[in-house]
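Take a look at the letters that make up each chain.
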Amino acid sequence: MLKVLVVDDDSPIRRWLEYCIGQLEGFVLAGSAASGTQGLELYRRELPDIVVTDIEMPGMSGLEMAARIQAIRPAHIIILTSHDNFDYARRALQSGTAEYILKTEVTLETMRDLLCKAARTIRSNGDNAVQMEQSAQLLIRQMAMEQGAAPLTAQELRRQGITLEDAPLAAGDLWSRSGQDLQEARRRLESCHVLVNVRYVPLGYEHLLFVGNLRHAGAREELAAFYCREAEGVDCVLGLSDAKKGLLELPAALHEAQARCRLHFYEPERKVFLNDAVGRESVRHAETARMNFSKELFAQNYREAVAIKDEVLQRIREERPTDLDGVKKLCASFCTILLHFATDQPEELDQRTEQTEQKMLGAMTMEELQAAVEEVFAPFCRSAPQTEAYSAPVRDAIAYLEKNYREKVTLGMVAQAANFNPEYFSRLFAKETGMNFSAFLNSVRMRQAVALLEHTDKKVYEIAEEVGYSSLSYFSTAFKKSFGQTPAEYQALKRGK
């Protein structure tokens, strides 16, 4: 079975391509992505054989993604676009793309022809030297990316085209946002001959791993000093592992080099990380912090919620976890939960949350990440309402909601209970609480749902109905936006399952 990755920001076309692949024998969907950035991440993880991608997408284009994919491992790429433009086709082919087809020409039959042609090309590629190099690079990438990867003997490595000896060795990770700087850093390092049997392996567009045997004790320090001296003017960071005794420790050396290189996120002014202690991989108690943040927010304990966010950011700074994607996603989750809680304009919500997530995932330093978080939180902190300042009509309305949240409650019903004109009451309610009526009602229902999930054995569908949701699907979607996980996941986590 050949694995196929689909990348297109047009949701209907993406679903159609997924359907086509599912209908064709000999092919399996490796995943689908709505942007070049997501597609590249999926490619790194799944290493599919074929990629079907649009050209023009928000952020990273299909052509840029194709070029970065070829730096990881050559793949058969099919460009799918609505632009009948020769220049696009020429650039696509220069990126290593094998096919170019207009979206208007795509049918189940044309997809069958394209994928079968790709399969024949892949299977007829009999260049042993290329295959040996690809095999060697893939093996090192697997050891670098998989925790607990099994080490190999020198004989087994030689069969894969790797000539490392079972002797003292070290690994390094070069990182740069510029492919040109990355290659220049490699060129300069190659002139320092303190490592032998060196193998360089691209890991995505921004990282270049290398492994080699050490010529003598102190070779690591000599290499680091050489790099500091000779890499002046090259925007590239080097992370080096400790000296390891032999091949049994090769996977550990690769992981250590990558972890040290990632410390640049916390100390962007440094270029070499040689003997730094590598802390935790992930943020401690991240899931618990996220849940507690949501609980305090929906209980309208705003100071407590913000304090949880501040504590997590401080913990990240102190512990310097090396799973940077996990760090960024945790910070983004605080912001998206807050946006779902406080945004008055639902029609703008999806766009705002997507922009916020992209900004945080693109942060290059801890300072950039924290600034992006505070940009979201600052307006809320300045205007966070204090419940003791609510007027009598608003307090009456909240009491009405907390008593009747199980029912189909409307703004008109609450305004009538408070003896106010609905339009005037809507403005008054939003001004004092910081939320529109619908958002506040949702917060009341979510608070009750959390209590039932934590303290009863009721089924999720029973809880959905009890807190006023007629649709289990809608309840699950709303809960996940508010707490970062589905009601079932939340319930299982709280029960320790």
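Anything mentioned here points back to the structure above.
Since the structure is predicted, the reported quantities are computational estimates derived from the model, not experimental observations.

(A) Region of interest: the pattern of salt bridges. In total, this model carries 27 salt bridges according to the counting rule given. Across the pair arginine 68 and glutamate 64 runs a salt bridge, and its minimum N-O distance is 2.9 Å. Here arginine 68 pairs with glutamate 64, and both are found in helix α3 (residues 62-72), just 4 residues apart, close to one helical turn. Among the salt bridges present, the one from aspartate 242 reaches arginine 260, with a minimum N-O distance of 2.9 Å. Of this pair, aspartate 242 sits in the loop between β9 (237-240) and α10 (250-262) while arginine 260 sits in helix α10; the two residues are 18 residues apart in sequence, bridging distant segments of the chain. Aspartate 242 sits in the partly exposed class, given a relative accessible area of 28%. The exposure class assigned to arginine 260 is buried, which follows from its relative accessible area of 4%. Three or more residues joined by partner-sharing salt bridges are found here, namely Arg220, Glu221, Asp242, Lys244, Glu256 and Arg260.

(B) Examining the sheet that holds strand β3 (residues 50-53) more closely. The strand order across the open sheet formed by 5 strands is β2-β1-β3-β4-β5, and the pairing between neighbours is parallel. Only two strands of the sheet have a single partner each, and these edge strands are β2 (27-33) and β5 (99-102). Mean inter-strand twist for the sheet, computed between neighbouring axes without regard to direction, equals 20 degrees. Inspection of the sheet shows strand β4 (residues 76-81) paired to β5 by 4 bridges, in the parallel sense. Bridge pairing in β5 links threonine 81 to leucine 102. Helix α1 (residues 11-23) contacts β1 (2-7), β2, β3 and β4 of the sheet and is inclined by roughly 165 degrees relative to β2.

Conventions we followed
Residues numbered from 1 in each chain as written. Predicted model: local features only at pLDDT ≥ 70, side-chain atom pairs only at ≥ 80, totals over all residues. Heavy atoms only, no water. Salt bridge = Lys/Arg side-chain N within 4 Å of Asp/Glu carboxyl O. Helix = DSSP H or I, 4+ residues; strand = E, 2+ residues; numbered from the N terminus. Buried < 20%, exposed > 50% of the residue type's maximum accessible area, 1.4 Å probe, protein only. Pairing = 2+ DSSP bridges. Axes fitted to C-alpha atoms, helices over the stretch in contact; angles between N-to-C directions. Contact = heavy atoms within 4.5 Å.

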